[in-house]
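Examination of the molecular architecture
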Amino acid sequence: MKIVFVEESSKVAGVQKSTYYLAKWLIKNGYESLKIFLPNEGEFTKICKKNNIKYINYRSLPLRSASLSFFNDRYRLPNLFSLIYNLITIFINYYKVRKHLKIHNPNVVITKGFYSHIYTGLACKNLKIKCICHLQDFITRRYRGIFILLFNKIFEYLSDFIICDGKSIYQSLNSKIQKKSKILVNGIDFKNLKKSDDLGKKFRKNNKIPLEAYLIGNLSRITPWKGQLELLSAFIKYSKTNDKAFLILGGSPLFDGDNYYNKLKKTIYDYSLEDKVFFPGYIYDIREYLSSLDLYVQPSKEKDTTPLSLLSSIGIGLPSIVSKIESFEEIIEILPYVDQFELENEDQLVKLFIKYEDTNIRNKISELNYKNGHKYFGISIHGGKFLKVLKNSLSK
């Protein structure tokens, strides 16, 4: 079976990381001909070269955000100019991807990213290649549900099968498409993700964080819907009661501008917390970063579905807490030791910060999370289910 993944971005966020984990597992299990189509040279191409994963640069034209954001993403309006530009770009990228698919002639193609689902789906339809759309982003309900209706029509026509990252994505599909869809939660390669006290101490030393500090952290793209501002606000309140508390916000804006990042930095400056709150930027060594933390927080405001950083924190054995949003329900169902909080209620978050000051509680929850993380989110579990979907699709 010849497998091709088509990515929309060569930057490395959760979507690309999940492709990397899965591709490595598939190659290890006999699918050496696997290729990843990438739109340009970038961080993902470096990872492919380093790990001997075959990739094709299909040299796509860049796509633009389809909406305009106001007041730190509180309000959004459709960007008509970008929509027209993207429509033209989709057809150009369709021809670019089609050219490479015709040359390599895979049995099955897995699309990643909203626009990739469209232009790669069209190319597969034209070449009569099986197309599986891997949906890892929530379809916005804004604009009276027009985008949900539009993408349902697109998936109905272009996809042979759909894999959904979480229940909330699956539920946004209509009943007809749900019949050819399946929920597969992300998988993590835990082989090289083991907690290390030495690496944790090294990270703290390099970032001038005291070894005895109570370190709270998050690892996400720096963007409004990830909830870093709400986490920071709760920490500001909590820091007044614990002078050994530190907060670290790993990640970078990646696909967004710097407005939100600058607002976070200004808030830290306004409260004179420059020596207590840190932005290490894009994290290349997740093991080292997570090993340095005492508590992991995922404060997402909306649409986050099984983020790899959260699953990694659980699997490495960290006490982890999450915001109470619909898309985290399936995690809470199988991981009762992961506490939840209402993002709008700072006091709830502060109480959890206080709860996990206790080393005994942290150690107990760490052990439980480690066992359950490996039980439910290992890459071999995810890979086996994914492979079954591929084989079933080809047999039809």
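Look above for the structure.
Worth saying up front: this structure is predicted, and the values here are computed from it rather than measured. (Residues numbered from 1 in each chain as written. Predicted model: local features only at pLDDT ≥ 70, side-chain atom pairs only at ≥ 80, totals over all residues. Heavy atoms only, no water.)

1. Things to note about the overall build of the protein
Counting its secondary structure elements, the protein contains 16 helices and 15 strands. Computed over the C-alpha atoms, the radius of gyration of the protein is 21 Å, within 12% of the 21 Å expected from 2.2 N^0.38 for a compact globule of 396 residues. Each principal axis of the C-alpha atoms in the protein carries an extent, and together these give about 65 × 45 × 40 Å. Summarising the internal contacts of the protein: among those between residues at least 6 apart in sequence, 69% fall at separations of at least 24. Total accessible area on the protein stands at roughly 18,500 Å², and carbon and sulfur atoms take up 53% of it. (Helix = DSSP H or I, 4+ residues; strand = E, 2+ residues; numbered from the N terminus. Rg over C-alpha atoms; globule rule 2.2 N^0.38 Å. Contact = heavy atoms within 4.5 Å. Areas by Shrake-Rupley, 256 points an atom, 1.4 Å probe, with all protein chains shown as cover.)

2. Overview of the sheet that holds strand β2 (residues 35-38)
Sheet architecture is open: seven strands sit in the order β3-β2-β1-β6-β7-β8-β9, paired in parallel fashion. Whereas interior strands pair on both sides, the edge strands pair on one side only; in this sheet they are β3 (54-57) and β9 (181-183). Between one strand axis and the next, the sheet turns by 20° as a mean value, whatever way the strands run. The sheet contact formed by strand β1 (residues 3-6) and strand β6 (residues 108-112) spans four bridges and is parallel. Each residue of the ladder has a partner; that of V4, found in β6, is V109. (Pairing = 2+ DSSP bridges. Axes fitted to C-alpha atoms, helices over the stretch in contact; angles between N-to-C directions.)

3. Comments concerning unusual backbone geometry
Phi is positive for N105, which is not a glycine, with a value near 45°. Phi is positive for S272, which is not a glycine, with a value near 55°. Mapped onto the elements of the fold, S272 is located in the loop between α10 (259-270) and β12 (277-278). The exposed category is assigned to S272, whose relative accessible area is 53%. (Buried < 20%, exposed > 50% of the residue type's maximum accessible area, 1.4 Å probe, protein only.)

4. Points about the environment of E346
By the secondary structure assignment, E346 is in helix α14 (residues 346-355). C-alpha of E346 to C-alpha of Y284: the two residues are 62 residues apart in sequence and 31 Å apart in space. When near neighbours in sequence (up to four residues on either side) are disregarded, E346 contacts S233, A234 and K237.

5. Points about the packing of helix α9 (residues 228-239) against α14
Put simply, α9 and α14 touch, their axes get as near as 9 Å, and they point 60° apart. Between α9 and α14, the interaxial angle falls into the category oblique. Classified by chirality, the crossing of α14 by α9 is right-handed. Each of L231, S233, A234, F235, K237 and Y238 in α9 lies in contact with α14, whose residues at this interface are E346, D347, L349, V350, F353 and I354. Across the contact of α9 with α14, the residue classes tally to eight nonpolar, one polar and three charged. (Parallel < 35°, antiparallel > 145°, perpendicular 65-115°, else oblique. Left-handed = near helix turned anticlockwise from the far one by under 90°. Nonpolar A, V, L, I, M, F, W, Y, C, P; charged D, E, K, R; others polar.)

6. A word on the pairing of strand β13 (residues 295-298)
The alternating pattern of β13 places L295 and V297 on one face and Y296 and Q298 on the opposite face, and all of these are buried. Inspection of the sheet shows strand β10 (residues 214-219) paired to β13 by two bridges, in the parallel sense. Residue G217 lies in a different strand from β13, and its bridge partner there is Y296. Pairing geometry for β13 and strand β14 (residues 320-323), over three bridges, is parallel. Pairing of Q298 across the sheet is with V322, part of β14. In this view, the connection linking β13 to its parallel neighbour β14 by way of helix α12 (residues 308-316) has right-handed handedness. (Right-handed = clockwise from strand over helix to strand, strands pointing away.)

7. Topic: the sheet that holds β14
Strand order across the open sheet formed by six strands is β12-β11-β10-β13-β14-β15, with parallel pairing between neighbours. Each end of this open sheet is capped by a strand with a single partner; those strands are β12 and β15 (339-341). Of the pairings in the sheet, the one linking β14 to β15 comprises three bridges and is parallel in character. Across the sheet, V322 pairs through a bridge with Q340, a residue of β15. Sheet contacts for α12: β10, β13 and β14; angle to β13, the most-contacted strand, approximately 155°.

8. Describing the pattern of salt bridges
What the rule picks out here adds up to 13 salt bridges. The residue K237 makes a salt bridge to D347 at a minimum N-O spacing of 2.5 Å. Of the two residues, K237 is situated in helix α9 and D347 in helix α14; the sequence distance between them amounts to 110 residues. The partly exposed category is assigned to K237, whose relative accessible area is 38%. We classify D347 as partly exposed; its relative accessible area is 39%. R362 is the salt-bridge partner of D294, the closest N and O atoms lying 3.6 Å from each other. With D294 in the loop between α11 (286-291) and β13 and R362 in helix α15 (residues 359-377), the pair connects residues that are 68 residues apart, well separated along the chain. Assigned by exposure class, D294 and R362 land together as buried. (Salt bridge = Lys/Arg side-chain N within 4 Å of Asp/Glu carboxyl O.)

9. Focus on α14
Within α14, burial applies to L349, V350, L352 and F353. Looking down the long axis of α14, one finds its buried residues gathered within 160° of arc, a one-sided arrangement. Residues of α14 that are buried make contact with β10, α9, β13, β14 and β15. Near the N-terminus of α14, the side chain that reaches the backbone nitrogen of D347, with its oxygen 3.1 Å away, is that of N345. (Arc of directions from axis to C-beta. Polar contact = N/O pair within 3.5 Å; in protein donor to acceptor, adjacent residues only side chain to side chain.)

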